[in-house]
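Listed below, chain by chain, are the residues.
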Amino acid sequence: MTRVIVALGERSYDVVIEEGALDRASAHLAPFARDGRLIVVSDETVWATQGVRLTRGLGAIEAVPILVAPGEASKSWDTLAHVVDRLIALGIERRDHVVAFGGGVIGDLAGFAASIVNRGCGFVQIPTSLLAQVDSSVGGKTAINVPAGKNLVGAFHQPAFVLIDPNVLATLDPRQLRAGYAEIVKYALIQDAGFFAWLEENGASLLARNPGALHHAIATSVAGKARIVAEDERETAGKRALLNLGHTFGHALEAETGFSDRLLHGEAVAAGIVLAFDFSAHKGLCPAGDAERVRAHLAAVGLPTDIRDLGTGGRRLVGQMMHDKKKEGGRLPFILARGIGRAFLDRKVDLDEVEAFLDRRT
Ligand SMILES: NC(=O)c1ccc[n+]([C@@H]2O[C@H](COP(=O)([O-])OP(=O)(O)OC[C@H]3O[C@@H](n4cnc5c(N)ncnc54)[C@H](O)[C@@H]3O)[C@@H](O)[C@H]2O)c1
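Since we're looking at a predicted model, the values are computed, not measured. The numbers attached to residues start from 1 for each chain and follow its sequence in the written order. Given that the model is predicted, a residue must reach a pLDDT of at least 70 before its local features are reported, and side-chain atom pairs must reach 80 or more before they are shown or counted; all residues, however, enter totals for whole chains, interfaces and linings.

Engineer: Talk me through the site of the ligand; I want residue IDs and the actual numbers.
Structural biologist: To decide nearness, the C-beta atom of each residue is placed from the backbone, and the residue is near a molecule or strand if that atom lies within 6 Å of it. Near the ligand there are 31 residues, and of these Gly103, Gly104, Val105, Ser129 and Ser136 occur at the shortest range. The set of elements that each furnish at least two residues to the shell around the ligand consists of helix H2 (44–58), helix H4 (104–116), helix H5 (130–136) and helix H6 (174–191). When residue character is reported, Ala, Val, Leu, Ile, Met, Phe, Trp, Tyr, Cys and Pro are called nonpolar, Asp, Glu, Lys and Arg charged, and the others, Gly included, polar. Broken down by class, the residue content of the shell around the ligand amounts to 10 nonpolar, 15 polar and 6 charged. Each helix is a run of H or I in the DSSP string that is no shorter than four residues. Each strand is a run of E no shorter than two, and both are numbered from the N terminus.

Structural data, given as structure tokens:
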């Protein structure tokens with residue numbers, strides 16, 4: 001068992017990573033069910049595959065489930081209204097806890113619902129996808145999508161506890177597992193070259209669901225995120241923005257493919273990371289050998305690294321970036337790299353240069 005503390009003063013919380021934690025959910029969640037109730041928000045797929053384990057693991061603790069359809073489309077006003085209405089109909093009180101039991105979609109949706117119902121009630125994250133276990137369940141960002149863009153409406157609302165059971169990944173689709181792996185690579189690339197070398201050695205074994213490899217990678221990524229969130233909770237000091245490595249390119253690719261199954265979020269991040277490293281090398285900031293090492297590793301594990309078949313171009317992608325929330329006074333802040341493990345924020349990127357660079361890769 002690994003325990004990581006997200007140090008945020010009175011809003012500090014623990015992240016526990018433990019194989020089989022779901023089967024001992026009653027012991028882990030008892031402190032949050034002592035004075036109030038637990039109301040679980042999950043999606044139909046997660047509930048069908050892992051719901052029984054959670055219910056059994058909770059034993060005498062009753063947890064009423066609210067289910068929504070799986071997929072990104074559930075991060076919508078309609079589904080948010082449905083969840084909030086159900087929470088109110090169930091008589092939720094501020095001392096109750098909403099339990100987000102699912103992937104990043106459920107974490108973002110349930111967390112946002114918890115932040116607004118009764119002007120804010122507690123919530124606990126039990127992430128079930130690899131992406132949610134290594135990234136989205138920690139840090140308190142919650143959001144839904146609106147027609148103007150992804151994650152444009154939301155709140156910072158920290159969970160009271162995060163419970164990670166890597167065993168739940170047994171039922172996760174291999175493509176989804178690989179998509180989550182892209183975020184693990186991101187943690188290595190922004191701050192830990194040694195971890196990247198470890199991933200080069202052990203990535204295949206991790207994706208074959210080797211328990212030791214999964215535990216090490218989840219714990220290392222969560223510790224990395226906890227450190228950054230503790231330093232810059234609301235992304236105002238420049239530090240948390242490092243977590244967006246590959247995401248400005250990635251969001252543009254997701255938007256171009258209509259946020260569909262054609263390109264999953266993690267896959268777009270992988271292609272975006274390759275572009276960010278290539279762009280850094282192109283600007284002479286990062287050794288070309290490092291950019292190639294990153295591309296080769298992501299390609300070796302089966303993540304997309306080439307965007308030529310997406311049928312898009314530099315102008316279209318830059319247009320998507322200008323719509324993205326990271327727009328700042330007409331200029332786009334890019335996370336660039338001086339090498340593996342050495343990402344940094346560069347606020348002075350010329351958009352024409354980005355467009356010309358992307359034209360050569362599309
Ligand atoms: N808040 C943040 O800091 C943050 C960070 C990164 C990403 N995100 C958000 O996370 C979302 C993507 O998360 P995701 O990739 O987890 O997507 P997701 O929640 O849609 O889950 C992916 C799919 O896997 C299924 N699934 C999840 N766990 C399973 C399990 N154990 N067994 C079987 N099936 C399972 C789900 O039903 C779904 O169909 C995006 O909306 C993204 O914006 C948020």
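Engineer: A description of H2 should follow, citing residues and the corresponding values.
Structural biologist: Bending is quantified residue by residue as the angle between axes fitted to the seven-residue window ending at that residue and the seven-residue window starting at it. In H2, a bend of some 60° at Gln50 exceeds every other bend along the element. On its buried side, H2 packs onto helix H1 (25–33), strand S3 (38–43), strand S4 (63–68) and strand S5 (97–102). Looking one or two places after H2, you find Gly59, whose phi comes out positive at around 55°. By definition, residue pairs are in contact when their C-beta atoms, positioned from the backbone, come within 7 Å.

Engineer: Residue-level account of the packing of H1 against H2, with values.
Structural biologist: One can describe the packing of H1 onto H2 by two numbers: an axis separation of 7 Å at closest approach and a directional angle of 70°. Taken together, the axis directions place H1 and H2 in an arrangement best described as roughly perpendicular. Here the hand of the crossing between H1 and H2 comes out right-handed. The residues of H2 that touch H1, namely those facing Ala25, Ser26 and Leu29, are Leu54, Gly57 and Leu58. Across the contact of H1 with H2, the residue classes tally to 4 nonpolar, 2 polar and no charged. The angle between two axes is taken between their N-to-C directions and runs from 0 to 180 degrees, where each axis is a line fitted to C-alpha atoms and a helix contributes only its stretch in contact. For classification, angles of less than 35 degrees are called roughly parallel, those exceeding 145 degrees roughly antiparallel, those between 65 and 115 degrees roughly perpendicular, and all remaining angles oblique. We call a crossing left-handed when the near helix sits turned anticlockwise from the far one by less than a right angle, and right-handed when that turn is clockwise.

Engineer: Help me get a handle on the sheet that holds S5, residues and values and all.
Structural biologist: Pairing between strands is defined by DSSP: at least two bridges between the two strands are required. The 7 strands are arranged S1-S2-S9-S6-S5-S3-S4 in an open sheet whose pairing can be described as mixed. Each having just a single partner strand, strand S1 (2–6) and S4 make up the two edges of the open sheet. With strand direction ignored, the average angle separating the axes of adjacent strands in the sheet is 20°. Here 5 bridges tie S3 to S5, and the two strands are oriented parallel to one another. Looking at the pairing, Ser42 lines up with Phe101 of S5.

Engineer: Pulling in residues and values, what's your account of the domain arrangement of the protein chain?
Structural biologist: Taken as a whole, the protein chain is organised into domain 1 (2–170) and domain 2 (174–359). Throughout the structure description, domain borders are defined by an automatic or database domain assignment. Relative to domain 2, the C-alpha centre of domain 1 lies at a distance of 26 Å. Contacts between the two partners involve 27 residues from domain 1, matched on the other side by 29 residues from domain 2. Elements with a minimum of two residues in the side of domain 1 that touches domain 2: S1, strand S2 (13–17), H5 and strand S8 (149–156). Partitioned by chemical class, the residues of the side of domain 1 that touches domain 2 number 17 nonpolar, 6 polar and 4 charged.

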